[in-house]
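# Commentary on secondary and tertiary structure
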Amino acid sequence: MYLVRLIYASQISPEFKAEDIENILEVAQRDNKKRFITGMLCFNRKYFLQCLEGSRAVVNETYQLICRDKRHQNVVILDYCQIDRREFADWSMGYVPTSRMKEQLILTYSPKNEFLPFELSGEGAHGMMLALRNQVEKS
Ligand SMILES: Cc1cc2nc3c(=O)[nH]c(=O)nc-3n(C[C@H](O)[C@H](O)[C@H](O)COP(=O)(O)O)c2cc1C
């Protein structure tokens, strides 16, 4: 079974409440562990950027579940590819709020120093998430 990486961007929906993020993370971390999915979720209270890694069937299934979630909308795949190894193997779902993102890191990958996932290329989104992982692991 192939390993794949999927990165998508989405936006909160009118149904999203500030406290939902805790539940989203709790469920993601719990269920991803059972499915051997690893990855990272970035959030700035308006946009989500998430990377999922795991077996192709399981990542696809989980992505479909996530797409049906009414707490976000405009879900767009930025990157989908086969991979030889995981990059977030230690994280069932690492969480990085924008308060933990250095402005310069965002600017390196974005047109402005703002977290605007819909304006990232697939490669840019992947690069930014790896840089964020490295930043979080160092701190
Ligand atoms: C932005 C966002 C990211 C999510 N990430 C995951 C995830 O990585 N893994 C997961 O199992 N559920 C994730 N969820 C939750 C699922 O959408 C869904 O609520 C969960 O799988 C429970 O589904 P069920 O109530 O049909 O059992 C996420 C939801 C949102 C809004």
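Scroll up a little and you will see the structure.
Residues numbered from 1 in each chain as written. Predicted model: local features only at pLDDT ≥ 70, side-chain atom pairs only at ≥ 80, totals over all residues. Heavy atoms only, no water.

## What to know about the site of the ligand
Surveying the vicinity of the ligand reveals 17 residues, the closest of which are Asn-32, Arg-35, Gln-50, Asp-69 and Arg-71. Arg-35 is positioned with one of its side-chain polar atoms (N or O) 3.0 Å from an oxygen atom of the ligand. Asp-69 is positioned with one of its side-chain polar atoms (N or O) 2.7 Å from an oxygen atom of the ligand. Isolated, the ligand exposes 630 Å² of accessible area, and the fraction of that covered by the protein chains is 76%. At a threshold of 2 Å from the grid points, most atoms of the ligand map onto the largest pocket. Where the shell around the ligand is concerned, the elements lending two or more residues are helix H1 (20-35), strand S3 (47-55) and helix H2 (56-67). Looking at the shell around the ligand, the element that brings in the most residues is H1, giving 6 residues. (Near = heavy atom within 4 Å. Polar contact = N/O pair within 3.5 Å; in protein donor to acceptor, adjacent residues only side chain to side chain. Areas by Shrake-Rupley, 256 points an atom, 1.4 Å probe, with all protein chains shown as cover. 1 Å grid on protein atoms, 1.4 Å probe; cavity = no way out; pocket = protein on both sides within 12 Å on 5 of 7 lines; lining within 4 Å. Sits in = over half its atoms within 2 Å of the grid points. Helix = DSSP H or I, 4+ residues; strand = E, 2+ residues; numbered from the N terminus.)

## A closer look at the packing of aromatic side chains
Tallied over the entire structure, the rule returns 6 aromatic pairs. Aromatic pair Phe-16 and Phe-43: ring centres 5.5 Å apart, planes at 65°, arrangement edge-to-face. With a gap of 27 residues between them, Phe-16 in the loop between strand S1 (3-12) and H1 and Phe-43 in strand S2 (residues 38-43) connect regions that are remote in the sequence. Phe-43 matches Phe-16 in its accessibility class, with the two residues each being buried. Ring centres 5.7 Å apart and planes at 75° place the aromatic pair Tyr-47 and Phe-118 in the edge-to-face group. With Tyr-47 in strand S3 and Phe-118 in the loop between helix H3 (103-109) and helix H4 (122-138), the pair connects residues that are 71 residues apart, well separated along the chain. Judged by its relative accessible area of 15%, Tyr-47 falls in the buried class. One aromatic cluster is present, formed by Phe-16, Phe-43 and Phe-48 through successive ring pairs. Above the ring of Phe-88, the side-chain terminus of Arg-133 is found at 6.0 Å from the ring centroid. (Phe/Tyr/Trp six-rings, centres within 6.5 Å; stacked < 30°, edge-to-face > 60°. Buried < 20%, exposed > 50% of the residue type's maximum accessible area, 1.4 Å probe, protein only. Lys NZ or Arg CZ within 6 Å of the ring centre and 35° of its normal.)

## Considering H1
Given a rise of 1.5 Å per residue, 16 residues ought to cover 22 Å, and the 22 Å separating the end C-alpha atoms of H1 matches this to within 8%. Those residues of H1 lying buried are Asp-20, Ile-21, Ile-24, Leu-25, Ala-28, Asp-31 and Asn-32. One side of H1 carries all its buried residues, which in axial view fall inside an arc of 155°. Exposed positions of H1 whose direction lies more than 90 degrees from the buried face are Glu-22, Glu-26, Lys-33 and Lys-34. On its buried face, H1 is in contact with S2, S3, H2 and strand S5 (94-97). Phe-36 sits one or two residues past H1 and shows a positive phi near 55°. (Expected span 1.5 Å × (residues − 1). Arc of directions from axis to C-beta. Contact = heavy atoms within 4.5 Å.)

These figures capture arrangement, not role.
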